[in-house]
Amino acid sequence: MTVLVTGGTGYIGSHTCVVLLENGYDVIVADDLSNSSEEALRRVERITGKTLTFYKADVCDRAALDRIFEANKIDCVIHFAGFKAVGESTQKPLEYYDNNLASTISLAKVMSEHGCKRMIFSSSATVYDGRNVPSPFSETDRTGNCTNPYGWTKFMNEQILRDWAASDPGVSVVNLRYFNPIGAHPSGLIGEDPSGIPNNLMPYISQVAVGRRDHLNIFGNDYDTPDGTGVRDYIHVMDLAEGHLKAVEYAVSHTGEEVFNLGTGTGYSVMDIVKAFEKASGIRIPYVIAERRPGDLAELYSDPVKSKKILGWEAVRGLEEMCRDTWNWQKNNPNGYEG
Ligand code: UD1
């Protein structure tokens, strides 16, 4: 079985490549390296002792995709490639819609032309209508009412792929809604390497720990949560990667479209994360309480039951392991892949 991984040099993509290679899949990565480093793939090969094929290609470039499908017999595609910065998406909505939708459409068209009809899509919990629906979110809960263009691109891509699956009985689409992936491969060789100032909590904390940032800003401590800080469903990236393996197996044995949450079902607050990280690293994280971040919800966590029942997958790694592995990656690679 050969799996094409778009965006395979990125954070979740690289960890998924490790799991695929370790489970006997041949892996082809297509990535334009616009927000990542090819070094991640060398590390994936080091971890697994296996090789993969890399194409430097933009997934919007149909001719480039065509060449990849001409040269390889691809059984399944995992589509991670896309722009992902929430704040930036509100500044550059047209770029986000153009890139994130055009890539999915190009990919599905080229796949169809080559008779490859299995796609796993990298969606997000952000598609849930969190302003009107309370946590925990299950797959049947209402979606839409997204707070930013990034979220809408996830919502629209799900719909595009759902319609593709409805139009052709041979197509299999799995839309995976991620909650908050953190952590790293336990080797410390691959991990999250955001460019610029991190938008997300865990990479920000780990950059404070390693001395790249002065202090953490906690966005609000007056939410209706146990300690007043925002609650999220943090999931170890290796659990998430294993969820993709299960999704590939599911796509091979089913047709049609399905959606699955990938979360733990447990919510932790920003303060819980700070304390757990301090314990795992032995380093104190200075913080100040700042204004709420626009668009943030008090709490957002998953109902993971459907994934367990149907995919046969559940998250098994706890918060301590998530913090330990994040720190192991960050302290060994203080400046990410460039360092
Ligand atoms: C964010 C995105 C979501 C995206 C996900 C990808 C927003 C509104 N949502 O989710 O669409 O799919 O990342 O991982 O951006 N926090 C701080 N200080 C910081 C950073 C974060 O206090 O410097 C808090 C936030 O207020 C929140 C929690 O930490 O309560 C988690 O934030 P973050 O890691 O950015 O994830 P989400 O906002 O849940």
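For the structure, see preceding data.
**Quick look at the packing of helix α1 (residues 11-22) against helix α8 (residues 237-253)**
The geometry of α1 relative to α8 is characterised by a closest axis approach of 8 Å and an angle of 60° between their N-to-C directions. With respect to their mutual orientation, α1 and α8 come out oblique. The two elements α1 and α8 cross, and the hand of that crossing is right-handed. Of the residues in α8, those in contact with Tyr11, Ile12, His15, Thr16, Val19 and Leu20 of α1 are Val237, Met238, Leu240, Ala241, Glu242, His244, Leu245 and Val248. Class assignment for the residues of the contact of α1 with α8 results in ten nonpolar, three polar and one charged.

**Things to note about the side chain of Ser269**
Residue placement: Ser269 occurs in strand β12 (residues 268-269). The residues touching Ser269, leaving out its near neighbours within four places in the chain, are Asp227, Thr229, Gly230 and Val231.

**Examining the nonpolar core**
Among the nonpolar cores identified, the biggest contains 43 residues, and Leu20 and Ile120 are the most heavily contacted of them. Within the residue set of this core, elements represented by two or more residues are β1 (2-6), α1, β2 (26-31), α2 (39-48), β4 (76-79), β6 (172-178), α8 and β11 (256-262). Broken down by element, this core gets its largest block of residues, nine residues, from α8. When near neighbours in sequence (up to four residues on either side) are disregarded, Leu20 contacts Val3, Val5, Tyr25, Val27, Ile78, Leu245 and Val248. In terms of nonpolar packing, the next biggest core, distinct from the first, is built from 23 residues, Ile68, Val77, Met119 and Val171 among them.

**A look at the sheet that holds β11**
Spatial ordering of the open sheet is given by β3-β2-β1-β4-β5-β6-β11, a layout of seven strands whose pairing is parallel. Only two strands of the sheet have a single neighbouring strand rather than two, namely β3 (53-56) and β11. With strand direction ignored, the average angle separating the axes of adjacent strands in the sheet is 20°. Note: β4 against strand β5 (residues 118-124), three bridges, orientation parallel. Looking at the pairing, Ile78 lines up with Ile120 of β5. Against the sheet, helix α6 (residues 149-167) touches β5, β6 and β11, its axis set at about 155° to β5.

**Some details on α2**
Taking burial as the measure, the ten residues of α2 include seven buried ones, the bulk of the element. Listing the buried residues of α2 in full gives Glu39, Ala40, Leu41, Arg43, Val44, Ile47 and Thr48. In this structure, the buried residues of α2 make contact with α1, β2, β3 and α11 (319-332). A positive phi of about 70° marks Gly49, the residue just after α2.

**Things to note about the packing of aromatic side chains**
Taken as a whole, this structure holds seven aromatic pairs when the rule is applied. What links up through ring pairs into an aromatic cluster is the set Tyr128, Phe137 and Phe179. Its guanidinium or amino end placed over the ring of Tyr223, Arg292 lies 4.0 Å from that ring's centre, counting from NZ or CZ. The lysine or arginine in question, Lys306, covers the ring of Phe260, its NZ or CZ lying 4.9 Å from the ring centre.

Conventions adopted
- Residues numbered from 1 in each chain as written.
- Predicted model: local features only at pLDDT ≥ 70, side-chain atom pairs only at ≥ 80, totals over all residues.
- Heavy atoms only, no water.
- Axes fitted to C-alpha atoms, helices over the stretch in contact; angles between N-to-C directions.
- Helix = DSSP H or I, 4+ residues; strand = E, 2+ residues; numbered from the N terminus.
- Parallel < 35°, antiparallel > 145°, perpendicular 65-115°, else oblique.
- Left-handed = near helix turned anticlockwise from the far one by under 90°.
- Contact = heavy atoms within 4.5 Å.
- Nonpolar A, V, L, I, M, F, W, Y, C, P; charged D, E, K, R; others polar.
- Core = buried A, V, L, I, M, F, W, Y, C linked by side-chain atoms within 4.5 Å.
- Buried < 20%, exposed > 50% of the residue type's maximum accessible area, 1.4 Å probe, protein only.
- Pairing = 2+ DSSP bridges.
- Phe/Tyr/Trp six-rings, centres within 6.5 Å; stacked < 30°, edge-to-face > 60°.
- Lys NZ or Arg CZ within 6 Å of the ring centre and 35° of its normal.

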